[in-house]
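# Commentary on secondary and tertiary structure
Okay, here's what each chain looks like letter by letter:
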Amino acid sequence: MTPRETIIAIDREFVWRPYTSHVDHQQKDPLVIERASGVYLYDVDGRRYIDANGSWWVCNLGHGHPRLVRALREQSEKLAHCSMAGVTHETAALLARDLVAAAPPGMARAFFSDDGSTAVEVAVKIAYQFWQQNGHKEKNRFISLAGAYHGDTLGAVSLGGVDVFRARYGGLLFDAIHTSHDDTEHFDRVVEQVATLLQAHNDVCALVVEPLVQGAAGMLIWAPEHLRALRDLTQKHNVLLIADEVFTGYGRTGKMWACDYANITPDLLCTAKGFSGGVLPMAATLATQNVYDGFSGGLDRTLMHGHSFYGNPLGAAIAREVLAIYREENIIAHGQALGSQIAQAFAELRALPNVVRTRSLGMIGAADLGGDGYRGARGWAVYEAARRLGAYLRPLGDTVYIAPPLTITQAELAELLHIVRESIREVA
Ligand SMILES: *Cc1c(COP(=O)(O)O)cnc(C)c1O
């Protein structure tokens, strides 16, 4: 057996793969990646693939960024882990300060956790407890949006609005209020619905949104004016706004935060993925001073949450270096410049007979090949074609999209956009 076959055989025997049916696990050969550098993944046979989705939306600075490799090595020689139970350390303290400085104005505190889902769980618990102990026990429900995706842990799934991720766990979920309109071309109706819901329900503690882009729903894009309107509504009704910027943060949309487009500061902001540049799992939930002050007092008013790896020094060192790279290497401006290349290429895809709709924002471009969403099969045919042409272009069902590292060069992006076009054309 070749090394590739050997690894696949062991994987088939021992691994329980994410989002993968047993049928697919046994029948479809995965890529077997050996190493990665910049925007390229290299498999065990030496073939290279452009990482069109930044390895599940995390590698915003590409693979093997020398500064991140150095930060990891230096921190691991000093302190790889210590708890933050009665302990603090310089790296986590400085990261909290740097993160607050980089966040929308008014964010004041950082609570660390492990990944996007836990960052959302923390926000959910904070928002709920905030009202429980500040005179509004009736405020105990969340509003989330149709098409929302906030992670795979139970709180996050309760907020989720994508059926494939939540339907079979229904019995385990808490009761959130979901909007029903998921046509982002008419997002004004979502805003109207939220207004009606807030008018009708006095038991809402927070509204949760993925600002401007609903990623897992199929890269659905909505407008800053609607985000602004939702912020106004939450303020009017004395409800917290949780911005889940796990995907949209760190320049993905063309600004550091999607919230920046609307000039808003949410009450809570979740960040992960790009936050640690795809090197280690690490996340944070940011809160305003007002929210933080809602917990002042003794043990009975304390946020009872804290994972083993809270503030992990390795993750914190990486996350700090990520922020330094964003400041010093013009990452956002570079991404903005490339955004127009993506916008133009995706607009041109509309001419292809099998493309129904396209859209783009910042370093995201998406094309719908049909109307079956996540369950659709058309994107997977494109995935196979792109794999032969040298790109890892995992679709969201019928939606083919790119969300590459922000550090991709113009030439590499041109190569990727060419592969996207050719592989969609091939399956037409
Ligand atoms: C990916 C994602 C999450 C979950 O993050 P994990 O790191 O996979 O737990 C939450 N919210 C949004 C918007 C995401 O895109």
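Residues numbered from 1 in each chain as written. Predicted model: local features only at pLDDT ≥ 70, side-chain atom pairs only at ≥ 80, totals over all residues. Heavy atoms only, no water.

Right, let's talk about the packing of helix α14 (residues 378-389) against helix α15 (residues 410-427) for a bit. The packing of two helices is summarised by the inter-axis angle and the distance between the axes. Interhelical geometry of α14 versus α15 gives an angle of 130° and a closest axis separation of 8 Å. Comparing the axis directions of α14 and α15 gives the class oblique. Of the two elements, α14 crosses α15, and the hand of that crossing is right-handed. On the side of α14, the interface is formed by A381, V382, A385, A386, R388 and L389, while α15 contributes I419, E422, S423, I424, E426 and V427. (Axes fitted to C-alpha atoms, helices over the stretch in contact; angles between N-to-C directions. Helix = DSSP H or I, 4+ residues; strand = E, 2+ residues; numbered from the N terminus. Parallel < 35°, antiparallel > 145°, perpendicular 65-115°, else oblique. Left-handed = near helix turned anticlockwise from the far one by under 90°. Contact = heavy atoms within 4.5 Å.)

Here the focus is unusual backbone geometry. Despite not being glycine, K273 has its phi angle at roughly 45°, a positive value. Mapped onto the fold, K273 is located in the loop between β11 (268-271) and β12 (283-288). Judged by relative accessible area, which is 22%, K273 ranks as partly exposed. Positioned with a positive phi, N330 is a non-glycine residue whose angle comes to about 50°. Checked against the element boundaries, N330 lands in the loop between α12 (313-328) and α13 (331-349). Given a relative accessible area of 51%, N330 falls into the exposed group. (Buried < 20%, exposed > 50% of the residue type's maximum accessible area, 1.4 Å probe, protein only.)

Neighbouring the ligand are W57, D115, G116, S117, Y149, H150, G151, E210, D244, V246, F247 and K273. A distance of 2.9 Å separates an oxygen atom of the ligand from a polar backbone atom of G116. Note that an oxygen atom of the ligand is positioned 2.8 Å from one of the side-chain N or O atoms of K273. In isolation the ligand offers 380 Å² of accessible surface; the protein chains occlude 84% of this area. A breakdown of the residues in the shell around the ligand according to their chemical character gives 4 nonpolar, 4 polar and 4 charged. (Near = heavy atom within 4 Å. Polar contact = N/O pair within 3.5 Å; in protein donor to acceptor, adjacent residues only side chain to side chain. Areas by Shrake-Rupley, 256 points an atom, 1.4 Å probe, with all protein chains shown as cover. Nonpolar A, V, L, I, M, F, W, Y, C, P; charged D, E, K, R; others polar.)

Pairing is mixed in the open sheet, where 4 strands are placed in the order β1-β2-β3-β15. Because the sheet does not close on itself, it has two edges, and the strands there are β1 (33-37) and β15 (391-392). Judged from the 3 bridges that link them, strand β2 (residues 40-43) and strand β3 (residues 48-51) form a sheet pairing that is antiparallel. When the sheet's bridge partners are listed, L41 is paired in β3 with Y49. (Pairing = 2+ DSSP bridges.)

As a further point, take the sheet that holds strand β10 (residues 240-244). Pairing is mixed across the open sheet formed by 7 strands, whose spatial order is β4-β12-β11-β10-β7-β5-β6. The open sheet has two free edges, formed respectively by β4 (107-113) and β6 (177-178), since each of these has just one partner strand. In terms of strand pairing, strand β5 (residues 141-144) meets strand β7 (residues 204-209) through 4 bridges, oriented parallel. Bridge pairing links F142 to A206 in β7. Against the sheet, helix α5 (residues 90-102) engages β4 and β12, with an angle of about 135° to β4.

Of all the 7 residues making up β4, 5 are buried; the element is thus mostly covered by neighbouring parts of the structure. Looking at chain direction, β4 and β12 are connected through 6 bridges and run antiparallel. Bridged to F111 within β12 is T285.

A few words now on the environment of S55. As for its position among the elements, S55 is in helix α3 (residues 54-57). Between the alpha carbons of S55 and A316 there is a distance of 20 Å; along the sequence they are 261 residues apart. Residues within four places of S55 in sequence aside, it is in contact with L41 and H63. Here the side chain of S55 touches D51 through a polar contact of 2.7 Å, side chain to side chain.

Take the packing of aromatic side chains next. Scanning the entire structure with this criterion turns up 17 aromatic pairs. With a centroid separation of 5.7 Å and an interplanar angle of 85°, the aromatic rings of Y19 and W56 are classed as edge-to-face. Here Y19, found in the loop between α1 (3-14) and α2 (22-27), pairs with W56, found in helix α3; they are 37 residues apart in sequence, far enough to count as distant. Its relative accessible area of 41% is what places Y19 among the partly exposed residues. For W56, a relative accessible area of 38% puts it in the partly exposed group. Between W57 and F247 the ring centres are 4.2 Å apart and the planes differ by 45°, which places this aromatic pair in the tilted class. Residue W57 is located in helix α3, and its partner F247 is located in the loop between β10 and β11; the two are separated by 190 residues in the primary sequence. (Phe/Tyr/Trp six-rings, centres within 6.5 Å; stacked < 30°, edge-to-face > 60°.)

Once that is clear, we can look at the side chain of E321. Structurally, the position occupied by E321 is in helix α12. Classification of E321 as buried rests on a relative accessible area of 17%. Of the polar contacts made by the side chain of E321, one reaches the side chain of R67; its length is 2.8 Å. Residues contacting E321, with those up to four places away along its chain left out, are R67, L68 and A71.

Before going further, it helps to spend a moment on the pattern of salt bridges. The final tally for this structure, using the stated rule, is 17 salt bridges. D29 is the salt-bridge partner of R4, the closest N and O atoms lying 3.6 Å from each other. With R4 in helix α1 and D29 in the loop between α2 and β1, this pair connects stretches of sequence that are 25 residues apart. In this structure, R231 and D267 form a salt bridge, with 2.8 Å as the shortest nitrogen-oxygen distance. Residue R231 is located in helix α10 (residues 224-236), and its partner D267 is located in the loop between β10 and β11; the two are separated by 36 residues in the primary sequence. D267 carries the same exposure label as R231, and that label is buried. Through salt bridges with shared partners, a single ionic network connects R4, R12, D29 and D45. (Salt bridge = Lys/Arg side-chain N within 4 Å of Asp/Glu carboxyl O.)

Everything listed here is a matter of coordinates, which is why it stays silent on function.
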